[in-house]
Amino acid sequence: MIIHVYEIAKKTNIGEVFVATPDEEIVKIVKKNGGKAVITKKEHETGTDRIFEVFEKELKKNPKLIINLQGDMPNLNPSVIKHLVDHMKKNTCEIGTLASNLDGEIEKKDNNVVKVITEKNIKKKEFSRAIDFFRVSQSSIVDPVYHHIGIYAFTNEALIRYVNLKRSKLEVERKLEQLRALENKMRIEVGYIDQCPLSVDTEADLIKIKKLMVNS
């Protein structure tokens, strides 16, 4: 699955691609397939902290833009990564991410599906400021709300600032690290894409993605 994601990132031709992991077995597999992988500390609290370790030690904090992809989205389309990067080049926000349609009431109630509320309808505006992220709503969900896709673009300055902030109250409560940025007034903008790459969070997801990959 990680090799699939690595190849997707490579196809964008945006820049260098690294797999950041504390797992020696994953490093061996990536390198065996011609990829670049970096062993990171095991004790990182978030994925962003793990990305920052590579950014700091391997890349000497040089890249102006850092894209954080999750290793569990093997059917992500390279074009959506380019879409996000093109937006970040406009310098309108510190962090960029993506979202798609929620698939009915089932996804709205699914704890494994992260939702994002945006300031404006992103189907029309393409990108809009993120208002909130959540898994389960304690009240009625207010539109516009979308299925959040776990891909993040950070400016150089934003990544450095983010990792130096303390974990926030909502971040810990909801187990969503992007809330640290929102609670510290960092601007996150969300772009709409008309597809929803499957994030493999459960055994059922794994079975579904295997079928999709075989038939693709």
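Just so you know, these numbers come straight off a predicted model, no measurement behind them. (Residues numbered from 1 in each chain as written. Predicted model: local features only at pLDDT ≥ 70, side-chain atom pairs only at ≥ 80, totals over all residues. Heavy atoms only, no water.)

Student: Explain the environment of T46 to me, and be specific about the residues and the numbers.
Tutor: When you line up the elements, T46 lands in the loop between strand 2 (37-39) and helix 3 (47-57). Overall, the relative accessible area of 6% leaves T46 in the buried class. Sequence separation between T46 and E183 is 137 residues, and the spatial gap between their C-alpha atoms is 16 Å. Not counting the four nearest positions on each side in its chain, T46 is found in contact with R167, E171, E177 and R180. A polar contact of 3.5 Å, which involves the side chain of T46, links it to the side chain of E177. (Helix = DSSP H or I, 4+ residues; strand = E, 2+ residues; numbered from the N terminus. Buried < 20%, exposed > 50% of the residue type's maximum accessible area, 1.4 Å probe, protein only. Contact = heavy atoms within 4.5 Å. Polar contact = N/O pair within 3.5 Å; in protein donor to acceptor, adjacent residues only side chain to side chain.)

Student: Could you give an account of the environment of I141, with specific residues and numbers?
Tutor: For I141, the position within the fold is in the loop between strand 6 (127-134) and strand 7 (145-155). Leave out the neighbours within four places in its chain, and I141 touches K108 and F134.

Student: So what about the packing of aromatic side chains? Which residues, and what values?
Tutor: Tallied over the full model, the rule gives four aromatic pairs. Taking the centre distance of 5.8 Å and the plane angle of 50° together, the rings of F52 and F55 count as tilted. Here F52 pairs with F55, and both are found in helix 3, just three residues apart, close to one helical turn. The class for F52 is buried, based on a relative accessible area of 11%. Residue F55 is classed as buried on the basis of its relative accessible area of 1%. The interplanar angle of 40° and the centroid separation of 6.5 Å between the aromatic rings of Y152 and F154 together place this pair among those described as tilted. Residue Y152 shares its accessibility class with F154, and that shared class is buried. Three or more aromatic residues joined by ring pairs form one cluster here, namely Y152, F154 and Y162. (Phe/Tyr/Trp six-rings, centres within 6.5 Å; stacked < 30°, edge-to-face > 60°.)

Student: I'd like a description of the environment of N112, backed by residues and values.
Tutor: Within the secondary structure, N112 sits in the loop between helix 5 (104-109) and strand 5 (115-118). Sequence spacing of N112 and V136 is 24 residues, and the spatial spacing of their C-alpha atoms is 9.2 Å.

Student: Describe the pairing of strand 8 (residues 188-192), listing the residues and the values that go with them.
Tutor: With respect to burial, strand 8 is a largely interior element, five of its five residues being buried. The alternating pattern of strand 8 places I188, V190 and Y192 and E189 and G191 on opposite faces, both of which are buried. The pairing of strand 4 (residues 95-100) with strand 8 spans five bridges and is classified as parallel. Counted as the bridge partner of I95 is I188 from strand 8. (Pairing = 2+ DSSP bridges.)

Student: Account for the packing of helix 3 against helix 7 (residues 156-163), naming residues and giving values.
Tutor: Two numbers describe how helix 3 lies on helix 7: the axes approach to 10 Å, and their chain directions differ by 120°. Looking at the two axes, helix 3 sits oblique to helix 7. Helix 7 is crossed by helix 3, and the crossing has left-handed handedness. Only N156, L159, I160, Y162 and V163 of helix 7 make contact with helix 3, whose side of the interface consists of T48, D49, F52 and F55. Along the lines of polarity and charge, the residues of the contact of helix 3 with helix 7 split into six nonpolar, two polar and one charged. (Axes fitted to C-alpha atoms, helices over the stretch in contact; angles between N-to-C directions. Parallel < 35°, antiparallel > 145°, perpendicular 65-115°, else oblique. Left-handed = near helix turned anticlockwise from the far one by under 90°. Nonpolar A, V, L, I, M, F, W, Y, C, P; charged D, E, K, R; others polar.)

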